[in-house]
Amino acid sequence: MLDSSRSTGARHHSSILVTGATGNLGREVVNRLQAHGARVRSLVRRQNGPRPGAESVLGDLTDPAAVREALVGVDAVFLLWPLLDSSPAHDLVAELSTAATPVVYLSTTAVDDEAACQSDPIVQVHADMEALLRDADLRPVVLRSDTLASNTLGWAKQLRAGDVVSGVGTARTAVVDERDVADAASAVLLAHHDQLEQDVYMLTGPEVLSRADQVARLGAALRRRLRFQALPADLARSHMLEDGRPEPLVEALIAASRRRPESNGTTDHVERLTGRPAGTFARWAVDHAAEFS
Ligand SMILES: NC(=O)c1ccc[n+]([C@@H]2O[C@H](COP(=O)([O-])OP(=O)(O)OC[C@H]3O[C@@H](n4cnc5c(N)ncnc54)[C@H](OP(=O)(O)O)[C@@H]3O)[C@@H](O)[C@H]2O)c1
């Protein structure tokens, strides 16, 4: 665990910029930083959207002027890159370099450091973002997260209508509770750089699960007999498009289902950063049961 006696000092009066603050993970990061007494600024795309932080700057990650304004006076940045292409990130990286602000970047455990080419476009964009930040000498702390448990909230509509979750099949992953990732991120953001033992952390849950395993655990939490039905790629594609998902995202998800390998097991990095072992998906399902009914 990061030494709290050292991180209870001035860093708790830090000002932190959180990107993606309206999302499943970002809002948890904001809550934790605020609970630790940090000043939080968020970069938000809609002024009338949720305002989780005390302060917000209106703008897109691809808008250098908005990023420049958001960076003024902050001590660290929690950076997400939710786009499927890293080329629009060059301006953002230039702004980060000018501001010389420490960056904590949220990546994925699926990045393969040995591979010339990553398994699918989603992993490739994270590998490219990590490289862009390192090449700019920003010395980012990279938090590589496994699949967030909150992704399963996307099944809520199907589970309100019946007992079957159907969708594209994927390799098993060490599903991680987004609250654990947020705890780890907030610990890193509030730490002094010399407290960190490494610059890449692999954040996983405690077990490697298939989608069928996740649906079964949700069923136990909801006291219902639920099952997962893997769809052929063409059918999954048309369902996702009918649901209104953008085509490039749908193609990236299909590619991930075909090519992403199984997660390489679990790590203790959540515990090393937070002092607590990572929670189970079964626990997450109990805590979120109401959101599925
Ligand atoms: N989900 C996973 O399993 C997983 C695993 C590893 C890494 N990650 C990384 O973690 C990120 C967050 O995951 P999540 O589940 O919290 O996603 P999420 O709930 O979809 O949230 C995405 C956030 O990014 C914001 N955003 C999207 N495009 C933006 C843009 N062009 N400029 C500024 N903000 C933008 C969204 O703002 P709006 O409210 O305006 O849409 C929202 O706040 C992912 O994008 C991915 O890079 C995710």
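Residues numbered from 1 in each chain as written. Predicted model: local features only at pLDDT ≥ 70, side-chain atom pairs only at ≥ 80, totals over all residues. Heavy atoms only, no water.

### Considering the packing of aromatic side chains
This model, assessed by the stated rule, comprises three aromatic pairs. When the centroid spacing of 6.4 Å and the interplanar angle of 35° are considered together, the rings of W155 and F228 count as tilted. Taken together, the residues W155 in the loop between β6 (141–145) and α6 (156–161) and F228 in strand β9 (residues 227–231) connect sequence positions 73 residues apart. For the residue pair W155 and F228, the accessibility class agrees, reading buried in each case. Look at F281 and W284: their rings are 5.5 Å apart centre to centre, the planes differ by 15°, and that puts the pair in the stacked class. One end of the pair, F281, and the other, W284, are both in helix α12 (residues 281–287), three residues apart, so they sit about a helical turn from each other. Considered together, F281 and W284 belong to a single accessibility category, that of buried residues. Every member of this aromatic cluster is reached through a ring pair, and the members are F281, W284 and F292. (Phe/Tyr/Trp six-rings, centres within 6.5 Å; stacked < 30°, edge-to-face > 60°. Helix = DSSP H or I, 4+ residues; strand = E, 2+ residues; numbered from the N terminus. Buried < 20%, exposed > 50% of the residue type's maximum accessible area, 1.4 Å probe, protein only.)

### Points about helix α2 (residues 24–35)
Over its 12 residues, α2 extends 17 Å from the first C-alpha to the last, a length consistent with the 16 Å expected when each residue adds 1.5 Å. Those residues of α2 that sit buried are L25, G26, E28, V29, V30, R32 and L33. Packed against the buried residues of α2 are β1 (15–19), β2 (39–44), β4 (76–79), β5 (103–108) and α7 (178–190). Remark: G37 follows α2 within two positions and exhibits a positive phi of approximately 90°. (Expected span 1.5 Å × (residues − 1). Contact = heavy atoms within 4.5 Å.)

### Quick notes on the sheet that holds β2
Strand pairing within a sheet occurs via backbone hydrogen bonds; the two strands may be parallel or antiparallel. Strand order across the open sheet formed by seven strands is β3-β2-β1-β4-β5-β6-β8, with parallel pairing between neighbours. One side of each edge strand has no neighbouring strand; the edge strands of this open sheet are β3 (55–58) and β8 (200–203). In this sheet, adjacent strand axes meet at a mean angle of 20° when their direction is disregarded. Contacting β1, β2, β3 and β4, helix α3 (residues 64–71) runs over the sheet at an angle of about 175° to β2. (Pairing = 2+ DSSP bridges. Axes fitted to C-alpha atoms, helices over the stretch in contact; angles between N-to-C directions.)

### Quick look at the confidence of the model for the chain
The pLDDT averaged across the chain works out to 93; a share of 94% of its residues lies at or above 70. Predicted confidence is poor over residues 4–10, with pLDDT under 50, and the contacts of this stretch with residues over four places away or in other chains come to six contacts. (pLDDT = per-residue confidence, 0-100.)

### Description of the site of the ligand
For the ligand, the set of nearby residues contains 22 residues, the closest of which are T22, N24, R45, L148 and N151. The contact in question runs from an oxygen atom of the ligand to an N or O atom on the backbone of N24, over 2.9 Å. Taking 900 Å² as the accessible area of the ligand by itself, protein coverage stands at 79%. At the level of secondary structure, the elements contributing two or more residues to the shell around the ligand comprise α2 and β5. Taken together, the residues that form the shell around the ligand break down as nine nonpolar, nine polar and four charged. (Near = heavy atom within 4 Å. Polar contact = N/O pair within 3.5 Å; in protein donor to acceptor, adjacent residues only side chain to side chain. Areas by Shrake-Rupley, 256 points an atom, 1.4 Å probe, with all protein chains shown as cover. Nonpolar A, V, L, I, M, F, W, Y, C, P; charged D, E, K, R; others polar.)

### Structural notes on the nonpolar core
V18, L25, V29, L33, F78 and L143 are the most contacted members of the largest nonpolar core, which totals 33 residues. Elements represented by at least two residues in this core include exactly β1, α2, β4, β5, β6, α7, β8 and α11 (269–274). Ranked by residues supplied to this core, first place goes to α7 with seven residues. Residues within four places of V18 in sequence aside, it is in contact with G26, V29, V30, L33, V40, R41, S42, L43 and F78. If you look at the next biggest cluster of nonpolar residues, it comprises 23 residues, including L43, L79, L92 and Y105. (Core = buried A, V, L, I, M, F, W, Y, C linked by side-chain atoms within 4.5 Å.)

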